[in-house]
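# Overview (structure and organization)
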Amino acid sequence: MDKSMYSLMLTDSIVREIDRLAYERNTNRSNLINHILADYLQVKTPEMHIREIFSLMTERLNSLAGFKVQGLPSDFCIAVKSPLDYKYRPTIKYSVEIYRSREEAVGELRAVFRTQHGALLARLAAFFELWIKMETYYIGKLTAPVRYGVEEGRFRRTFMLPAGGEVTNETLGRAIGDYIEMFDSVLKLYLYSPQPDAGEVEKRYVEYLKNGMVII
């Protein structure tokens, strides 16, 4: 949905209230006025679609133990924390960004592990490599090419449009929530094992796929 610049004549008292409310909602004057008018006219903006996706994703993750969903000062991003039962109690921080415009990619997931523990970082690097290989093998032909990024203690992956049929906000919200739950569960299986077993990790991953996950 494109945006253009327009001039409006507004009373000072209304502008003061708009600015106050925009500050409370971590947005700006233009975005807030756009949202108010869209709501009044019953027109959905990209931001409204994104909030609906995040709401459904949050509902999915809040139904599971251990996840804590946090808002970010942006209409397009949300954060999810997950505890890690490992030495020094590091935390996994996931962040999800939904793009305003959708072509093949609808958004991306970032996972950040706040740790300097060498052994843990080495295991994470091995897991990321294994995960990318599994996804490339099992779902590589089912979506447009997924883009990955890996750094020390960091993982990034794009979410692609599901193949076939109309894609609803509900479909995307549930699918993103399911993906984070799957990634977190399989990651912890790998990290908590005294001797990481790639075969067991692959088995768990395939089980999730067979249970009807939407591929994104």
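For the structure itself, look to the data block above.
A few points on the structure. Keep in mind the model is a prediction, meaning the values are calculated, not measured.

### What to know about the packing of helix H5 (residues 169–192) against helix H6 (residues 198–210)
- Where H5 contacts H6, the two axes come as close as 10 Å, and the packing angle between them is 160°. When the interaxial angle is binned, H5 and H6 end up roughly antiparallel. Crossing angle aside, the handedness with which H5 passes H6 is right-handed. Listed contacts from H6 to Glu181, Met182, Ser185, Val186, Leu189 and Tyr190 of H5 are Glu200, Val201, Arg204, Tyr205 and Tyr208.

### Description of a positive patch on the surface
- The grouping of Lys68, Lys81, Arg114 and Arg154 at the surface amounts to a positive patch.
- Summarising the element assignment, Arg114 is placed in the loop between strand E4 (105–113) and helix H4 (118–139).

### Let's talk about the pattern of salt bridges
- Under the definition given, this model contains 10 salt bridges.
- Of the charged contacts in the structure, one is a salt bridge between Glu24 and Arg20, with a shortest N-O distance of 2.8 Å. Highlighted residues: Glu24 and Arg20, both in helix H1 (residues 12–24), separated by 4 residues, approximately one helical turn.
- The exposure class of Arg20 is partly exposed, given its relative accessible area of 41%.
- Linking Arg60 and Asp178 is a salt bridge whose minimum nitrogen-to-oxygen distance equals 2.5 Å.

### Digging into the layout of surface pockets
- The calculated volume of the second largest pocket comes to roughly 240 Å³.
- Lining the second largest pocket are 14 residues, with Arg25, Thr27, His35, Arg51 and Asp75 sitting closest to its centre.
- Of all the elements in the fold, those that place two or more residues in the lining of the second largest pocket are helix H2 (29–41), helix H3 (46–62) and strand E2 (77–83).
- Looking at the lining of the second largest pocket, its residues break down into 5 nonpolar, 5 polar and 4 charged.

### Structural notes on the nonpolar core
- Grouped together as the largest cluster of nonpolar side chains are 46 residues, with contacts concentrated most on Tyr94, Val96, Trp131 and Phe183.
- Within the residue set of this core, elements represented by two or more residues are H3, E2, strand E3 (91–98), E4, H4, strand E6 (154–160), H5 and H6.
- No other element matches the 11 residues that H5 contributes to this core.
- Once residues within four sequence positions are removed from consideration, Phe183 is found in contact with Tyr94, Ala111, Phe127, Phe128, Trp131 and Phe155.

Analysis parameters
Residues numbered from 1 in each chain as written. Predicted model: local features only at pLDDT ≥ 70, side-chain atom pairs only at ≥ 80, totals over all residues. Heavy atoms only, no water. Axes fitted to C-alpha atoms, helices over the stretch in contact; angles between N-to-C directions. Helix = DSSP H or I, 4+ residues; strand = E, 2+ residues; numbered from the N terminus. Parallel < 35°, antiparallel > 145°, perpendicular 65-115°, else oblique. Left-handed = near helix turned anticlockwise from the far one by under 90°. Contact = heavy atoms within 4.5 Å. Patch = residues over 30% accessible without salt bridge, like charges linked within 9 Å, V, L, I, M, F, W, Y side chains within 5 Å. Areas by Shrake-Rupley, 256 points an atom, 1.4 Å probe, with all protein chains shown as cover. Salt bridge = Lys/Arg side-chain N within 4 Å of Asp/Glu carboxyl O. Lys, Arg positive; Asp, Glu negative; His and termini not counted. Charge placed at Lys NZ, Arg CZ, Asp CG, Glu CD. Buried < 20%, exposed > 50% of the residue type's maximum accessible area, 1.4 Å probe, protein only. 1 Å grid on protein atoms, 1.4 Å probe; cavity = no way out; pocket = protein on both sides within 12 Å on 5 of 7 lines; lining within 4 Å. Points joined across faces, edges and corners; volume = space filled by probe spheres on them. Nonpolar A, V, L, I, M, F, W, Y, C, P; charged D, E, K, R; others polar. Core = buried A, V, L, I, M, F, W, Y, C linked by side-chain atoms within 4.5 Å.

Keep in mind these values describe shape, not function.
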